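Summary of structural features
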Amino acid sequence: MTTRAKLTVYSALATALASLCLLPLVSEHGWLTYSFVVIAVISAVGAGLRRSPLFGWSIPIAQLLVLLLMMLIGFASSGGLGLDMMRTLTRVFADGVSDIQSYAMPAPATPGLRLILLSAVGLIAVIVDTVAVTYRRAALAGLPLLALFSVGNGLAAERGSWIWFAFAAAGYLLLLFAEGQDRATRWGRIFRGAAGTVSTGTVRPAGQMVGVLALASAVVLSVLVPQSGSGLIGGGSHESADGSGTGVGGISSGNLDPMVSLESAIVKPTDDELFTYTMDSTQADQTYLRTGSLDQFDGARWKLSSTTFSGLPATLPNPEGLRDAAVPRLETDVRIGDRLGGASWLPMPYPAASVSVPNRGEWKLDQLTRTVVPTSDKAIRGLSYHVSSLDLRPTANELRGAALAPQDIRDRYTAVPSEMPAVVAEQAKAITAGAQNDFDRATALVNYFTGPQFKYDTSITPGTGNDAIAVFLRDRRGFCVHYASAMAAMARTLNIPARVAVGFTPGDTKGSNVYTVTGRMYHAWPELYFSGYGWLRFEPTPNRGTPAKYTETTPTPTATPTAQPTSAAPSVSAAPAPSKSSACTGKQQLGDCGPQSKTANNASDGSWLPSWQLLTIVGAGVLVVLLLLAPMFWRTALRRRRLGGGGGKRGPGGPGGGGPVELTDAQVLAAWEELIDSAWDLGLAPDESRTPRSTAQRISVGSKLDAEASAATGRLALATERVMYAPSGRLTTAPVAADVRTVRQGLLAQADRRRRLRALLMPPSSVQLWWRFSDALGVARAAVGERVGRASAAVMTPLRRMFARRPKGPQG
């Protein structure tokens, strides 16, 4: 293997090893196999083009075009041809950018994210191949490799690991070793050792040992040295409740604002199984698994107000507002899979009385909202735990007679921002005009939102702030986040304590009291406070989840509000009407019907590879291109072979550029043939009737060569005549390879652009390739005919003899 070939291989290997740092970013790793294919194809294209007479700067351009072609085949093959494929690819890429903003890590391997990952790896492969191989600057190739590692490990945050750095650095060291060997061998014979031995060996083992020790030291020190913050190796920063990123009580980063992740999970639902649970209760189909609640509304979003968390006790304090905790218990066993986001809060039926969880130190409790939050992103993966919760079953009449909430509860949970649009309070009062108590007001709000005038629509822009609520009340379209935030805000304007809960709707039964929760069951709902019973859930989202039993009563009369959004509400165009599916009946889950934006449930299905029909078309196209370029590659290889040994062995003139050399007859004749073919390619057809000296004069005069090129032509003709007419043996003459190159440069200088382009892409002398093929085909045909004749003779000769010996019958 040549040193350039080794550089190509090690460049591809370095890029492949560095790309491993992207593994923690997505939940599925099938894309990595295709990234290796992309790297291999790009490296092969670069290696092939470097053997052609193309300029070095054109090689990365060709590699980028090949990368674009692979992305079109992989992600836009179903979008038609031509510009339609580019539009499809652009749309998939835009979806990937949206997925980056929507999903927490690890994200599902959506087509958009796979396109971005493969494109990024392919682009880095092109840069590394160009810098390290085409321009032989392997040290600079570390910059794109470092960029790839930095982005991957930075996005991975706590999921990043020193092992990815070790892989990336090892690939870079291998690339440096290969370039060191290349630089050493290009010096020719180098001195090594004190004994005076001479070798063309590789870089000293001591250099390799220094590189390995440096890598080992970097990895070990990064693990042992205390870190005050995030870096390229190690975890990310922690996020505080206000989003400052400083961390709160050891809580894992990204855990304190679940609304963003919830919105993206609802807009892009998946069928991935998140967890299973076992519950032996007649209320199982009514029981939501709540992960937490957001109790503070600042006009921009609902968020968790707590900034302090305590350790998770075995027995939780009594729920806020519950008068009698001596109620039946609901026992639930939960098993978390590997699809649930690592920063997820602990799903539990509300209100939980006790939690049995392994590694209790990895969990913290917010006693105010009874939210259990992990201290690290890895705490919930594969977790199995037991929850004992209170089975509250209040009736509607009991809730109608509930006492007024304490003043501190009302002060904390009825606060609304001063800039809240007036339409929120106006519509709340209009909807509940006929209600006499807080429970009837709450059910009036539920009946209003679940009425026919509101539509479930996940294409609406997510948001829970003032403007989002005003637009939702005006357009009457949205999904559970809009319904929950709007009802909670309206309840607060009615002086009913309210907050927004997040979690999951009841799972699908698998039999034997086992239920499965998938990505389509993410949900948000309002919780309202009633003295003696604490926080109770309500379900305002139409056709989603399950209404609570205490709200399944004869609906109280509600007035249809006539108030419209005032000037405080932003002016936006109405959302398009969703198409209603006939399948939207019975128990509904997120994403079951209605308009859906692009979903992620196709992220893991199917292969990145296109259909066989498209592969056949593309393969045929590639074959046609290769056939068209075959003359160029053949002439380039033939020229390299003819002139490769044309330097000969240096004579007494020494190693100078123009001294005489000793050449064999074959080397001289090969150089002369190359001269004839070069002139042929540029428009001067060969004339076999001429002598070498006459041919040289014809080339010099016909092509108007300069003095230097004409002298080189004369030297080649003289050397050829000495070979043809003098005794065989070695010939001492000027380097014929250099003379051929001089003449060829002179021919190119005198030719116009059209002839130069034809000489490069479709050289006329390549007709010899067809002649050789025809001759070989004729020889093969003759050989086959001879063998067939022999086989026929071997079979027919005995038969003729047998019939010749057959006795004749009696003659009359």
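Presented here is a report on the structure given in the accompanying data block. (Residues numbered from 1 in each chain as written. Predicted model: local features only at pLDDT ≥ 70, side-chain atom pairs only at ≥ 80, totals over all residues. Heavy atoms only, no water.)

Nonpolar side chains collect at one region of the surface, where Phe 55, Trp 57, Ile 61, Leu 65, Leu 68, Met 86 and Tyr 135 lie side by side and expose about 750 Å² of accessible area between them. Considering each element in turn, the nonpolar patch owes the most residues, three residues, to helix α3 (residues 58-75). Among the secondary structure elements, Leu 68 is positioned in helix α3. Assessed through its relative accessible area of 33%, Leu 68 is described here as partly exposed. (Patch = residues over 30% accessible without salt bridge, like charges linked within 9 Å, V, L, I, M, F, W, Y side chains within 5 Å. Areas by Shrake-Rupley, 256 points an atom, 1.4 Å probe, with all protein chains shown as cover. Salt bridge = Lys/Arg side-chain N within 4 Å of Asp/Glu carboxyl O. Helix = DSSP H or I, 4+ residues; strand = E, 2+ residues; numbered from the N terminus. Buried < 20%, exposed > 50% of the residue type's maximum accessible area, 1.4 Å probe, protein only.)

With that out of the way, let us pick up the sheet that holds strand β16 (residues 498-504). One open sheet accounts for five strands, arranged β9-β4-β16-β19-β20; its pairing is antiparallel. In the strand order of this sheet, the two ends are held by β9 (348-349) and β20 (534-537), each with one partner. Direction of pairing for β16 relative to strand β19 (residues 522-530): antiparallel, over a ladder of seven bridges. The residue bridging Ala 498 from the neighbouring strand is Leu 528, located in β19. Contacts from helix α15 (residues 480-493) reach β16 and β19 within the one sheet, and its direction differs from that of β19 by about 15°. (Pairing = 2+ DSSP bridges. Contact = heavy atoms within 4.5 Å. Axes fitted to C-alpha atoms, helices over the stretch in contact; angles between N-to-C directions.)

Quick look at helix α2 (residues 31-50) now. The end-to-end C-alpha separation of α2 is 29 Å, in line with the 28 Å expected for 20 residues at 1.5 Å each. Among the residues of α2, Trp 31, Leu 32, Tyr 34, Ser 35, Val 38, Ile 39, Ile 42, Ser 43, Gly 46, Leu 49 and Arg 50 are the ones counted as buried. (Expected span 1.5 Å × (residues − 1).)

Evaluated as defined, the whole model comprises 22 aromatic pairs. Where Tyr 288 meets Trp 525, the ring centres are 4.8 Å apart and the plane angle is 90°; that geometry is what we call edge-to-face. Of the two residues, Tyr 288 is situated in the loop between β3 (273-279) and β4 (289-294) and Trp 525 in strand β19; the sequence distance between them amounts to 237 residues. For Trp 525, a relative accessible area of 1% gives the class buried. For the pair Phe 449 and Tyr 483, a centre-to-centre distance of 6.1 Å together with 85° between the ring planes defines the contact as edge-to-face. Taken as a pair, Phe 449 in helix α13 (residues 438-449) and Tyr 483 in helix α15 lie far apart in primary sequence, 34 residues in all. Like Phe 449, the residue Tyr 483 is buried in the burial classification. A cation over a ring is seen here: Arg 537 above Tyr 288, with NZ or CZ 3.8 Å from the ring centre. (Phe/Tyr/Trp six-rings, centres within 6.5 Å; stacked < 30°, edge-to-face > 60°. Lys NZ or Arg CZ within 6 Å of the ring centre and 35° of its normal.)

Where charged atoms from two side chains of opposite charge come close, those side chains can pair. Evaluated as defined, the whole model comprises 20 salt bridges. When the shortest N-O distance is used, the salt bridge between Arg 50 and Asp 129 registers 2.9 Å. Residue Arg 50 is found in helix α2, and its partner Asp 129 is found in helix α5 (residues 111-134); the two are separated by 79 residues along the sequence. Judged by its relative accessible area of 1%, Asp 129 is buried. Note that Arg 474 is salt-bridged to Asp 475, the shortest N-O span being 2.9 Å. According to the relative accessible area criterion, Asp 475 is buried, its value standing at 18%. Residues participating in the shared-partner salt-bridge network are Arg 635, Arg 639, Arg 642, Glu 673, Glu 674, Asp 677 and Asp 681.

Moving on: the nonpolar core. Ranked by size, the top nonpolar core spans 84 residues in total, and within it Phe 275, Leu 346, Tyr 385, Phe 449, Leu 528 and Phe 538 carry the most contacts. No other element matches the 10 residues that α15 contributes to this core. Excluding anything up to four places from it in sequence, Phe 449 contacts Phe 454, Phe 472, Leu 473, Tyr 483, Ala 486, Met 487, Met 490, Pro 540 and Pro 542. By size, the runner-up hydrophobic cluster in this structure holds 47 residues, among which are Leu 23, Leu 25, Val 26 and Leu 115. (Core = buried A, V, L, I, M, F, W, Y, C linked by side-chain atoms within 4.5 Å.)

Here the amide bond leading from Tyr 350 into Pro 351 is cis, since omega sits at -5°, within 30 degrees of zero. Topologically, Pro 351 is positioned in the loop between β9 and β10 (352-356). The backbone of Asn 359 shows a phi angle near 55°, a positive value even though the residue is not glycine. One can find Asn 359 in the loop between β10 and β11 (363-366). The phi dihedral of Asn 513 is positive, around 65°, even though this residue is not glycine. Looking at where Asn 513 falls in the secondary structure, it is placed in the loop between β17 (508-511) and β18 (514-518). Classification of Asn 513 by relative accessible area gives partly exposed; the value is 33%.

Viewed as axis vectors pointing N to C, α3 and α5 meet at an angle of 160°, and their least axial separation amounts to 10 Å. By the criterion of interaxial angle, the relationship of α3 to α5 is roughly antiparallel. Judged by the sense of rotation from one axis to the other, the crossing of α3 with α5 is right-handed. Every residue of α5 that contacts α3 at Ile 59, Pro 60, Gln 63, Leu 64, Leu 67, Met 71 and Phe 75 is listed here: Pro 111, Arg 114, Leu 115, Leu 118, Ser 119, Gly 122, Leu 123, Val 126, Asp 129, Thr 130 and Thr 134. Class assignment for the residues of the contact of α3 with α5 results in 11 nonpolar, five polar and two charged. (Parallel < 35°, antiparallel > 145°, perpendicular 65-115°, else oblique. Left-handed = near helix turned anticlockwise from the far one by under 90°. Nonpolar A, V, L, I, M, F, W, Y, C, P; charged D, E, K, R; others polar.)

Take the pairing of β16 next. Summarising burial for β16: seven of the seven residues are buried, a large majority. Residues Ala 498, Val 500, Val 502 and Phe 504 line one face of β16 and the alternating positions Arg 499, Ala 501 and Gly 503 line the opposite face, and both faces are buried. Sheet topology note: the β4/β16 ladder contains five bridges and is antiparallel. From the neighbouring strand, Ser 293 faces β16, where its bridge partner is Ala 501.

Keep in mind these values describe shape, not function.
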